[in-house]
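Coordinates in review
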Amino acid sequence: MRELIVELCRHFYTLGWCTGTGGGISIREGNQIFMAPSGVQKERILPEDIFVVDLAGNVLEAPANTRLKLTACSPLFLAAMNHRDAGAVIHSHSIEAAVATKLWPEGFRITEVEMIKGLRGYGYYDTVHVPVIPNTAHECDLADSMTEAILANPHSDAVMVENHGIYVWGRDWQQAKTQAECLDYLFRYAVRMHQVGL
């Protein structure tokens, strides 16, 4: 699991989702959750840098490097795992996601685009709705509004954060990754259509 998180963080870095130490992923295995550390270059993380926590956020295993800190995203990752039984949560700092929060601050909506079919429970003619919550100066302060958005939008497997990015989850890392990629495509599509006046 540690090696997988390292591999995925490097991949997300190449997509521009985890630049400047931002973004990340957590993966659940039973009652253990594997999380990358906070404030580090995500493309340079090593397997031994990964934290293991329980569903309450208690650290079960910490890296030997005591300078590393548990990701500030941990309360948000745990919100999706505890309230939606997610097996993995991806946090992306995608530019398209951040721009979409400004264009559609009341929530992102889109229909009749092929990539919608990659989202859980959606077909081509369905309307996807992803809620947007206000950003805060510190990531941990988003936990309450994130939880409210999760509970109020049971058909969405994502929550967008204004001027920040998005949290996307799934039953496992494969579904979370697929949905994150499909949503990012939809954001790029919608922003491009907006730019050309359509």
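A short tour of the structure in this document, coming up. What you see is a predicted model; the values in this text were computed from it and never measured.

1. Section: the packing of aromatic side chains
For the structure shown, the criterion picks out 5 aromatic pairs. Pairing Tyr124 with Tyr125 gives two aromatic rings, centres 4.9 Å apart and planes at 85°, and the pair type is edge-to-face. Classification of Tyr124 by relative accessible area gives partly exposed; the value is 30%. Among the aromatic residues, those joined into a cluster by ring pairs are Trp104, Phe108 and Phe187.

2. Points about the nonpolar core
Most often, soluble globular proteins have nonpolar side chains that are buried together. Formed by 42 residues in total, the largest nonpolar core has its most connected members in Phe108, Ile166 and Leu183. Looking at this core, the element that brings in the most residues is helix H5 (residues 173–195), giving 7 residues. In this structure Phe108 touches Ala100, Val128, His129, Val130, Val132, Met160, Leu186, Phe187 and Ala190, once residues within four positions along its chain are discounted. Within the second largest apolar cluster, 21 residues are counted, among which are Met35, Cys73, Phe77 and Val161.

3. A word on a nonpolar patch on the surface
A cluster of nonpolar residues, Ile95, Val99 and Leu103, forms a patch on the protein surface that exposes about 240 Å² of accessible area. The topology assignment puts Leu103 in helix H3 (residues 95–103).

4. Structural notes on the packing of helix H1 (residues 2–14) against H5
Two elements in contact, H1 and H5, have axes separated by 13 Å at closest approach and are oriented at 5°. With respect to their mutual orientation, H1 and H5 come out roughly parallel. Each of Leu4, Leu8, His11 and Phe12 in H1 lies in contact with H5, whose residues at this interface are Trp173, Lys177 and Glu181. By residue class, the composition of the contact of H1 with H5 is 4 nonpolar, 1 polar and 2 charged.

5. Details of the pattern of salt bridges
Enumeration over the complete set of coordinates arrives at 9 salt bridges. Here Asp157 makes a salt bridge to Arg84, at a shortest N to O gap of 2.8 Å. Within this pair, whereas Asp157 is found in the loop between helix H4 (143–152) and strand S11 (158–161), its partner Arg84 is found in helix H2 (residues 74–84), the two being separated by 73 residues in sequence. When the shortest N-O distance is used, the salt bridge between Glu114 and Lys117 registers 2.7 Å. Overall, the relative accessible area of 47% leaves Glu114 in the partly exposed class. Through salt bridges that share partners, Arg84, Arg120 and Asp157 make up one connected network.

6. Comments concerning the state of the cysteines
Evaluation of the coordinates by the stated rule reveals 0 disulfides. The thiol of Cys9 is unpaired, and the distance to the nearest cysteine sulfur, on Cys18, comes to 5.5 Å. Overall, the relative accessible area of 0% leaves Cys9 in the buried class. In this model Cys140 remains outside any disulfide bridge; the closest cysteine sulfur is found in Cys73, 10 Å from its own. By relative accessible area, which is 41% here, Cys140 ends up partly exposed.

About the thresholds
- Residues numbered from 1 in each chain as written.
- Predicted model: local features only at pLDDT ≥ 70, side-chain atom pairs only at ≥ 80, totals over all residues.
- Heavy atoms only, no water.
- Phe/Tyr/Trp six-rings, centres within 6.5 Å; stacked < 30°, edge-to-face > 60°.
- Buried < 20%, exposed > 50% of the residue type's maximum accessible area, 1.4 Å probe, protein only.
- Core = buried A, V, L, I, M, F, W, Y, C linked by side-chain atoms within 4.5 Å.
- Helix = DSSP H or I, 4+ residues; strand = E, 2+ residues; numbered from the N terminus.
- Contact = heavy atoms within 4.5 Å.
- Patch = residues over 30% accessible without salt bridge, like charges linked within 9 Å, V, L, I, M, F, W, Y side chains within 5 Å.
- Areas by Shrake-Rupley, 256 points an atom, 1.4 Å probe, with all protein chains shown as cover.
- Salt bridge = Lys/Arg side-chain N within 4 Å of Asp/Glu carboxyl O.
- Axes fitted to C-alpha atoms, helices over the stretch in contact; angles between N-to-C directions.
- Parallel < 35°, antiparallel > 145°, perpendicular 65-115°, else oblique.
- Nonpolar A, V, L, I, M, F, W, Y, C, P; charged D, E, K, R; others polar.
- Disulfide = S-S within 2.5 Å.

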